[in-house]
Amino acid sequence: MTQMKRWDFAQMSAIGHALFVKIHKQKRFANPNHDIHFMAREQNQWLVQGVHAMMDSSYTPRFLKRYYFKDEMIDQLHVSDRIFQHILLKQLKPTFPYVMHRHCYHLQGPSGVRVATQHIRQVLKESKPQYVIRADIKSFYKSIPHHQLILDINTLYDDPKVQAMLREIITNPIETPRGYKNADHGIALRGPLSQFFSGIYLKPLDEAFDGMNVTYLRYQDDILILCQTLRQLERCKQRMNDILQERQLSLSGKKTRIGHIDKGFHFLGIHYPGTQTPDNITVTQANNKPVNSCGSAHYLPSLGGKTTEQLLPEPSCIVPHPRTLRKAREQVKQMVIDGVSPRRISSYLYRWSTWWVRTSEHWDYQELLGWFINACWEPNPAADFAAGLLHQAKKSHIGARDLLRGFEPDFAAAL
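So, here's what we can say about the structure.

Rules and cut-offs
Residues numbered from 1 in each chain as written. Predicted model: local features only at pLDDT ≥ 70, side-chain atom pairs only at ≥ 80, totals over all residues. Heavy atoms only, no water. Axes fitted to C-alpha atoms, helices over the stretch in contact; angles between N-to-C directions. Helix = DSSP H or I, 4+ residues; strand = E, 2+ residues; numbered from the N terminus. Parallel < 35°, antiparallel > 145°, perpendicular 65-115°, else oblique. Left-handed = near helix turned anticlockwise from the far one by under 90°. Contact = heavy atoms within 4.5 Å. Nonpolar A, V, L, I, M, F, W, Y, C, P; charged D, E, K, R; others polar. Buried < 20%, exposed > 50% of the residue type's maximum accessible area, 1.4 Å probe, protein only. Pairing = 2+ DSSP bridges. Polar contact = N/O pair within 3.5 Å; in protein donor to acceptor, adjacent residues only side chain to side chain.

Some points on the packing of helix α8 (residues 146-156) against helix α9 (residues 160-170)
Two elements in contact, α8 and α9, have axes whose closest approach is 10 Å; the angle formed by their N-to-C orientations is 165°. Considering the angle they form, α8 stands roughly antiparallel to α9. In this structure, α8 meets α9 at a crossing whose hand is right-handed. Facing His146, Leu149, Ile150, Ile153 and Asn154 of α8, the residues of α9 in contact are Gln163, Leu166, Arg167 and Ile170. In the contact of α8 with α9, the residues fall into five nonpolar, three polar and one charged.

Structure follows, in structure tokens:
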């Protein structure tokens, strides 16, 4: 594979053309007056002009457009800016090994979830940490101050061309129903460069734990620290709070857990059960039949006031977090409401399942579909599609190995 040349017009144009073809295919049934149709007819003009503007550092993005919905507010890039910023990201990727921290897993794409999961399971099995910090930064992307992010970029990149374009992208004005706004905080959440900015801005936090004998992982604004002693936990907590305060950020109280690992924790859509009996209750064995698929028994207290033995799972026994199943369920439900064809819905659910089977390296395809069906606690169309896939898998004896043979997923699951 040939290495990509920097600021090469032919390669940059090819990247932009390929992405636009993909976007145009997705929006081919849009309103006839949609910008995408005009852009398709004039592609050779605006794409060429934009690439030339990037090469001479005169590229200036269009204003962000703000949309208000019932439960969220979105600042959206124009289609052309999505393409140009994607091209810029491709130019910056060769620099990541030199400017980004090795434990910043989201820069690896969807495969970063699998790598992080492997690392966590290995640490739980070999080191057996006793304490955990599972932290989430409150309104992270909306809270990033522009001036500090620009200073960080100028420190890491000495190319005036890169500095100028990134500065224009960060300080891009926002078009709202009440006029234009020049914000001094926040970056577009769904932009091609949002994860790049996340890696840059929280690099001081990533580096703060290099000299400590703890396990540190970060995926965007989700942070996990595994510690051996209470002293390490307190030091990590203090150091994390100090750096976040310097970066003008704060933790989300609802999504942050700091304490003993015995109650378990979740990270990147996977729940890691605890390793001790709750409340240190003395119990006796009820039967010898395991009820889970993790290779270790898991018994619950019996009725009638009698005690039973609760052999909790090993640290390597992982299950999907309820939010992971819920998001997939709601996605299927919304696709049904939008009138998406049953074939596409089944395809989505199949790709979701196989992506998680490959990522966890532990779950079985049929087992995961069973968990998904159990998550549909009320009459739900998602359960019908999952039941159909499960019936087909059982009929054809499909297992995890059959699914993964030759399978290369590019499906980013909801985390």
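What to know about the pairing of strand β3 (residues 131-136)
Put simply, side chains in a regular strand alternate between the two faces of the sheet. Burial analysis of β3 places six of its six residues in the buried class, which makes it a mostly covered element. In this structure, β3 lies alongside strand β7 (residues 222-227), joined through six bridges in antiparallel fashion. Across the sheet, the residue bridging to Ile133 is Ile225, located in β7. Note that β3 and strand β8 (residues 257-260) share four bridges and pair antiparallel.

Here's the deal with the side chain of His78
Tracing the backbone shows His78 in the loop between β2 (73-76) and α4 (79-92). For His78, the side chain forms a polar contact with the side chain of Arg62, separated by 3.1 Å. One polar contact links His78 to Ser80, side chain to side chain, over a distance of 2.9 Å. Other than its neighbours up to four places away in sequence, His78 contacts Asp35, Met39 and Arg62.

A word on the side chain of His106
With respect to the secondary-structure elements, His106 resides in the loop between α5 (96-99) and α6 (111-126). Polar side-chain contacts of His106 include one of 3.0 Å to the backbone oxygen of Gln195. Filtering out sequence-adjacent residues up to four positions away, His106 remains in contact with Gln195, Ser198, Gly199, Arg218, Tyr219 and Gln220.

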